[in-house]
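# Commentary on secondary and tertiary structure
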Amino acid sequence: MARKLTIAVVWVVLAALTTAAANPADRGGFDAASAVRSVADAPELSGITVTAATDGFITGTVTVPFGSPTDVCIDAIDFNFNFDGFTTAAANGTYTLGPLEPDQYNVLFAPCDSAELAYEYYPNQPDVLSADLIVVDPGQTVTGINAAMDQGGVLEGTTTFLEVGSANTRPAAEVFAVLTDSQGFPTTAAPSDAAGAWSIGAGRPGLEHAVYFVDVLDRFAFQYSDSAATFGATAKFVPVVGTPTQVPVDPLDVSFAGGWPVPRVGDFTGDGQDDVLAFDGRGNWWVAEADAFDFVFYPWKHFNTETGWFPQLVGDYNGDGADDVVNYHAASGTWWVLGGGATTPTVTLWATFSSKTGWGPQLVGDFNGDGLDDVVNYHEGLGRWWVNVSNGSTFTLKLWSEFSTRTGWGPHLVGDFTGDGRDDVLSYHEGTGRWWLNRSTGTGFTLELWATFGTKSGWSQHHVGDFNGDGKVDFIVFHQGTGRWWVNLSTGTGFTQALWTTFATTTGWTFHGVGEFTNDGKTDLVSYHEGTGRWWVAVSTGSGFTLGHWSTYATKTGWAPMVIGDFNDNGYFDVATYHQGTKAWWVNASTGTGFHLSRWLDIP
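What you see is a predicted model; the values in this text were computed from it and never measured. (Residues numbered from 1 in each chain as written. Predicted model: local features only at pLDDT ≥ 70, side-chain atom pairs only at ≥ 80, totals over all residues. Heavy atoms only, no water.)

Now for the sheet that holds strand E41 (residues 524–529). One open sheet holds the 4 strands; their spatial order is E40-E41-E42-E43, and the pairing between them is antiparallel. Bordering the open sheet on either side are strand E40 (509–515) and strand E43 (545–552), each of which pairs with just one other strand. Between one strand and the next, the sheet's axes are offset by a mean angle of 20°, whatever the strand orientation. In the sheet, E40 pairs with E41 via 6 bridges, with the strands oriented antiparallel. When the bridges of E41 are listed, Val514 appears paired with Leu525. (Pairing = 2+ DSSP bridges. Helix = DSSP H or I, 4+ residues; strand = E, 2+ residues; numbered from the N terminus. Axes fitted to C-alpha atoms, helices over the stretch in contact; angles between N-to-C directions.)

Shown next as structure tokens:
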């Protein structure tokens, strides 16, 4: 029932309400720590209920002027204003609250959903301070706590939020509008829909109410309707029967408590500029949307299942020109695609694995060359490669190849190494020093030996790119012991290894990445040295690297993450860096011969 969700929010008591509401000394005050409850705390009881011998109950009957008594939810509020019990009325109007610990309780009657029934405290009182306290002694059942509900007045409005970094507003969905009594105490709540609209039918006609907003998904800050600091200062609204009262709502402020644990880069809005996505561990996707010379920041989508997602891979799976994110949930074995390119992104189920675990790696590429990205999955226990082949709306799982040697592989790199328009998978086996290519035929992989390293270990920083601009994907590796970067150039049937540059300083590098920073059709290498604060770009000549100093950071440390993309859509790859101490994104925008550093976003 919706009320089982909303009641958890009604009794989310924030510090602002602690001081704003009238709290008589003999009742103490709100205990914010015990009153804040998650959605999971809302009762969803069935089966066996354990009842202590000292527990008590409150019972009574509810009557309504229209509809059904089942529309009414009943809450027990203890002496310290904690939500301690919940139930709904039966079809005949009877209810039982409990088991309850011995204490003094107020009883609140309110509509469970949007029914137009005025809330009341027993006995028919407009606020919690006027209501009777009902004493429940050990083992006692208190009877006769009845309610005759009256028709309520509707209060309604629309919630929006203000994008960080712009003056634009967007609908704020799944935010709870909470209706207070005349003393500022919460009574009932209603969630906003996808358009931000909400409606509460529990208003008491002729009584002043305030409305505040709580986001249990941790995206927006607590706020009264008019952004007032206290209940005493906020606007009040007097509902009437039959005519909805419109509540103007100021845009909510974004509140981002998370970091950027695994940023994803792609053109998620389909405007030609790369954006940055973050998944905060509370089920929220956040986007830093590139807007020419800055980022605009806002919550993008919420997953009801908040944890257990891995991997989360960027690609254009539906072929609409905007990047998407495919998410695997191992507990259920399901693949869900978060579709980009829309104002309100969608989440759809694309596939289910019968074997849920044991997969790794799982990588993105267009393995059949149809313009739609697919996902390749390796199962080490079986030594088998399976491809999730996209048809634009679902995945079809197909077995493409099998390794006789199942273990000891890594890394695995994806790219079109043959230049035939289909992505392949390149795998390294350190025990033998051999690189094997799963060459795509469009319907399967053909395994081919492409290179053997004489020095088998000590390699790091494996990156793919077209370093000589011939249309075939190559890969680069770094050997820290020697400071040397070796490029493996694809011939279409194998690799030719060549030393392209040597770093005199072999340690202290905290970031390496690749991209086309000069926009000449050849992939370059970018590196950051934290000790000096310097960014170096190794520009490809097609047969080697020319190392150049492109920018220097005055603040040398505290940068993470660092991501590469074309954030201003000028054809040159840039580097975006996040400073954790200041919560600011800075972009090294490439000019082709250097970086222009500017601050693109400050996150509140």
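To continue, consider the pairing of strand E5 (residues 103–111). Where burial is concerned, most of E5 is hidden: 7 out of the 9 residues are buried. By the bridge criterion, 7 bridges tie strand E2 (residues 72–78) to E5 in an arrangement that is antiparallel. What sits directly across from Asp78, in E5, is Tyr105. Sheet analysis places E5 next to strand E7 (residues 134–136), joined by 3 bridges and oriented antiparallel. Counted as the bridge partner of Asp103 is Val136 from E7. Here E5 runs beside strand E6 (residues 120–121); their pairing, made up of 2 bridges, is antiparallel. Paired with Leu108 across the strands is Tyr121, a residue of E6. (Buried < 20%, exposed > 50% of the residue type's maximum accessible area, 1.4 Å probe, protein only.)

Across the sheet, which stays open at both edges, the 3 strands sit in the order E15-E10-E18 with mixed pairing between neighbours. Because the sheet does not close on itself, it has two edges, and the strands there are strand E15 (197–203) and strand E18 (245–246). Here strand E10 (residues 153–158) runs beside E18; their pairing, made up of 2 bridges, is parallel. Looking at E18, one finds that Leu155 is bridged to Thr245.

One face of the sheet, then the other: side chains in a regular strand alternate in exactly this way. Sheet topology note: the E10/E15 ladder contains 5 bridges and is antiparallel. What sits directly across from Glu156, in E15, is Ser199.

For the coordinates displayed, the defined rule picks out 11 salt bridges. Here Glu306 and Arg282 are joined by a salt bridge, their closest N and O atoms 3.4 Å apart. Taken together, the residues span a long stretch of sequence, with Glu306 in the loop between strand E23 (295–302) and strand E24 (309–315) and Arg282 in the loop between strand E21 (275–279) and strand E22 (284–290) at a distance of 24 residues. Overall, Glu306 belongs to the partly exposed group, its relative accessible area being 26%. (Salt bridge = Lys/Arg side-chain N within 4 Å of Asp/Glu carboxyl O.)

The next point concerns the state of the cysteines. Inspection of the entire model under this criterion finds 1 disulfide. Shown here is the disulfide that connects Cys73 with Cys112, its sulfur atoms set 2.0 Å apart. One disulfide, between Cys73 and Cys112, carries an S-S torsion of 115° and so falls in the right-handed class. With Cys73 in strand E2 and Cys112 in the loop between E5 and E6, this residue pair connects regions lying 39 residues apart in the sequence. Taken as a pair, Cys73 and Cys112 share a single burial class, namely buried. (Disulfide = S-S within 2.5 Å.)

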